[in-house]
Amino acid sequence: MIQVTESRKKQLDYTGITEADLTYLSEQKEYFEAITDIVVDHLYDHIYEQPELVAIITKNSTIDRLKKTQRWYFMTMVDGHIDMDFIEKRLAIGKVHSRIGLTTNWYLGTYMTYLDISIQCLKKVAPEQWMTIMLSLAKLFNFDSQLVLESYEQDEKKKVQELFEERQDTLIKVNKAVQELITLMVELSGSSQSITDTAVNTADLQDQAYDKVNLLRSKISEITVVGDLLQEVSDQTHLLGLNAAIEAAHAKEFGRGFGVVADEIRKLASHSKNSLKEIKVTLNEISNVLQEVMKDSERTTLLARAQAASSQELTAFVNMIESVTEQLENIK
């Protein structure tokens, strides 16, 4: 009995399946009952020769469950009716095949094996009728394969559509991220360039300061030389005052005024000598401080130039990122 929609009825008619085929197959039920276990066992012996199919079975089911389902399926060929429930179950099988990754080449190849094994078994139990039985059975197998492939195709199209929508969603997110990244890169590029300019200027100023400090040290050295000369003059003045005092003592009354002058000269020389010592100490302290300043200036210059180099590397990196984001933005 055939109870299906008009479109499915056209499909059955085109395949050549008639009420007579269904009635005839239902009359051969005892033959199918006799060979079902043999057909199913032989079928899975053949399937288990293919490692790829074994991997799919192991991952998704068990051999016992599949054999039980296959026995049910084989016996539905002699139920004597095709309705929408019959069709829906075949469509469900196609969805399962798509979900577990059973490709159409394996599926159609298994149908051919199914037919071959069925022929060999029917020849033994129904040597007179096997050809007629197989003609009707082949029509049903063909109709089943159409349904499964139809479902398989729909499921695969759905997957493709989902992948397309997922890709579109991903592209929207990528484009949004690209826009945010571009904004960030523009800000970062400006900042890195500013840092580079500042670091270079700092290094130049440190170089100038270093040169000025070095010049100041040279001037201090010159002052030290002048101090040494003054020290020598002070020593000579002190010696001169001492000699003048001696000569004044020899002159007695006549040299008294000269002795006072000589004594003042000696005091002045002594005072100058002490002042020069203080100046030298101060100059040494200034020189030491300047030495430290020069060392700090050298370190600051090195750091500033290192910062400038790093900023230039950052600028190059920013330019590279901008190039990448531009490429991402052009993805369609």
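What you see as residue numbers is a count from 1 along each chain, following the sequence as written. Side-chain atom pairs in this predicted model are given and counted only at pLDDT of 80 or more, local residue features only at pLDDT of at least 70, and totals for whole chains, interfaces and linings cover all residues. Computation of side-chain values: all heavy atoms of the structure, hydrogens and water removed.

- Identification of the chain as Chemotaxis protein from Paenibacillus glacialis is taken from an unreviewed UniProt entry.

## What about the overall build of the chain?
Next, step 1: Helical segments are the DSSP runs of H or I of at least four residues, strand segments are the runs of E of at least two, and each set is numbered from the N terminus. Assigned secondary structure in the chain consists of nine helices and two strands.
Next, step 2: Taken from the N to the C terminus, the helices and strands of the chain come in the order β-α-α-α-α-α-β-α-α-α-α.
Next, step 3: Whether a residue is buried, partly exposed or exposed follows from its accessible area with a 1.4 Å probe, protein chains only, as a fraction of its type maximum: under 20%, in between, or over 50%, in that order. Burial analysis of the chain (332 residues in total) assigns 30% to the buried set.
Next, step 4: Expressed as a percentage of contacts within the chain between residues at least 6 apart in sequence, the contacts between residues at least 24 apart total 83%. Contact between two residues is taken to exist if any of their heavy atoms lie within 4.5 Å; hydrogens are not considered.

## Considering the nonpolar core
Next, step 1: Residues belong to a common nonpolar core when they are buried Ala, Val, Leu, Ile, Met, Phe, Trp, Tyr or Cys residues joined through side-chain atoms within 4.5 Å. Counting residues in hydrophobic clusters, the biggest one holds 42 residues, and the most contacted among them are Phe-32, Phe-74, Ile-82, Leu-137, Phe-141 and Phe-143.
Next, step 2: If you list the elements that add at least two residues to this core, you get α2 (19–27), α3 (29–47), α4 (51–60), α5 (63–75), α6 (84–100), α7 (104–125) and α8 (130–251).
Next, step 3: Ignoring anything within four residues of it in the chain, the contact list for Phe-32 reads Leu-25, Phe-74, Met-75, Met-77, Val-78, Ile-133 and Leu-137.

## Here's the deal with α4
Next, step 1: Within α4, burial applies to Leu-53, Val-54, Ile-56 and Ile-57. Along the axis of α4, the buried positions cluster into a sector of 160°, meaning they face one direction only. Structural note: α4 exposes Pro-51, Thr-58 and Lys-59 on the side pointing more than 90 degrees away from its buried face.
Next, step 2: On its buried face, α4 sits against α3, α5, α6 and α7. By definition, the arc is the one covered by directions from the helix axis to the C-beta atoms.

## Overview of the pattern of salt bridges
Next, step 1: The salt bridge criterion pairs a side-chain nitrogen of Lys or Arg with a carboxyl oxygen of Asp or Glu, the two atoms within 4 Å. Following the criterion strictly, the structure yields seven salt bridges and no others.
Next, step 2: One salt bridge connects Lys-67 with Asp-41, and the closest N-O pair in it is separated by 3.1 Å. With Lys-67 in helix α5 and Asp-41 in helix α3, the pair connects residues that are 26 residues apart, well separated along the chain.
Next, step 3: Using a relative accessible area of 18% as the deciding quantity, one classes Lys-67 as buried.
Next, step 4: Residue Arg-90 is joined to Asp-144 by a salt bridge in which the shortest nitrogen-to-oxygen separation is 3.2 Å. Here Arg-90, found in helix α6, pairs with Asp-144, found in helix α8; they are 54 residues apart in sequence, far enough to count as distant. Considered together, Arg-90 and Asp-144 belong to a single accessibility category, that of buried residues.

## Remarks on the packing of aromatic side chains
Next, step 1: Each pair of aromatic rings taken from Phe, Tyr and Trp, with Trp reduced to its six-membered ring, is defined by centres within 6.5 Å and is described as stacked if the planes are under 30 degrees apart, edge-to-face if over 60, and tilted in the remaining cases. Under the counting rule described, the total for this entry stands at six aromatic pairs.
Next, step 2: Ring geometry for Phe-32 and Phe-74: centres 5.0 Å apart, planes at 40°, overall tilted. Residue Phe-32 is located in helix α3, and its partner Phe-74 is located in helix α5; the two are separated by 42 residues in the primary sequence. Both residues of the pair, Phe-32 and Phe-74, belong to the buried class.
Next, step 3: Taking the ring centre of Phe-86 as reference, the NZ or CZ of Arg-90 above it sits at 3.7 Å.
Next, step 4: Over a ring means this: the NZ of a Lys or the CZ of an Arg is within 6 Å of the ring centre and within 35 degrees of the ring normal. For Lys-123, the ring lying beneath its charged end belongs to Trp-130, and the centroid distance is 4.9 Å.

## Some thoughts on the packing of α3 against α5
Next, step 1: Lines fitted to C-alpha atoms define the axes here, with helix axes fitted over just the stretch in contact, and angles between the N-to-C directions of these axes take values from 0 to 180 degrees. As a packed pair, α3 and α5 sit with axes 9 Å apart at the nearest point and diverge in direction by 145°. You can see that α3 and α5 cross each other, and the crossing is right-handed. Counting all contacts with α3, which are made through Lys-29, Phe-32, Glu-33, Ile-35, Thr-36, Asp-37, Val-39, Val-40, Asp-41, Leu-43 and Tyr-44, the residues of α5 involved are Ile-63, Leu-66, Lys-67, Gln-70, Arg-71, Phe-74 and Met-75.
Next, step 2: Asp, Glu, Lys and Arg are counted as charged, while Ala, Val, Leu, Ile, Met, Phe, Trp, Tyr, Cys and Pro are counted as nonpolar; the rest, among them Gly, fall into the polar class. Considering only residue class, the contact of α3 with α5 consists of 10 nonpolar, two polar and six charged. Less than a right angle of anticlockwise turn of the near helix away from the far helix marks a crossing as left-handed, whereas a clockwise turn marks it as right-handed.

## A look at the environment of His-97
Next, step 1: Tracing the backbone shows His-97 in helix α6.
Next, step 2: Along the backbone, His-97 and Val-148 are 51 residues apart, and their C-alpha atoms lie at a distance of 8.5 Å.

## Regarding the environment of Tyr-152
Next, step 1: Assignment of secondary structure puts Tyr-152 in helix α8.
Next, step 2: Considered as a pair, Tyr-152 and Gly-94 are 58 residues apart in the sequence and their alpha carbons are 4.9 Å apart.
Next, step 3: With sequence-adjacent residues up to four places away left out, Tyr-152 is seen in contact with Gly-94, His-97, Ser-98, Leu-102, Thr-103 and Thr-104.

## A word on the environment of Glu-30
Next, step 1: Within the secondary structure, Glu-30 is located in helix α3.
Next, step 2: Using a relative accessible area of 56% as the deciding quantity, one classes Glu-30 as exposed.
Next, step 3: Each C-alpha atom of the pair Glu-30 and Val-125 lies 9.6 Å from the other, and the pair is 95 residues apart in sequence.

## Structural notes on α2
Next, step 1: Of all the residues in α2, the buried ones are Asp-21, Leu-22 and Leu-25. Projected down its long axis, α2 shows its buried positions confined to an angular sector of 95°, all on one face. Of the exposed residues in α2, the ones pointing more than 90 degrees away from its buried face are Ala-20 and Glu-27.

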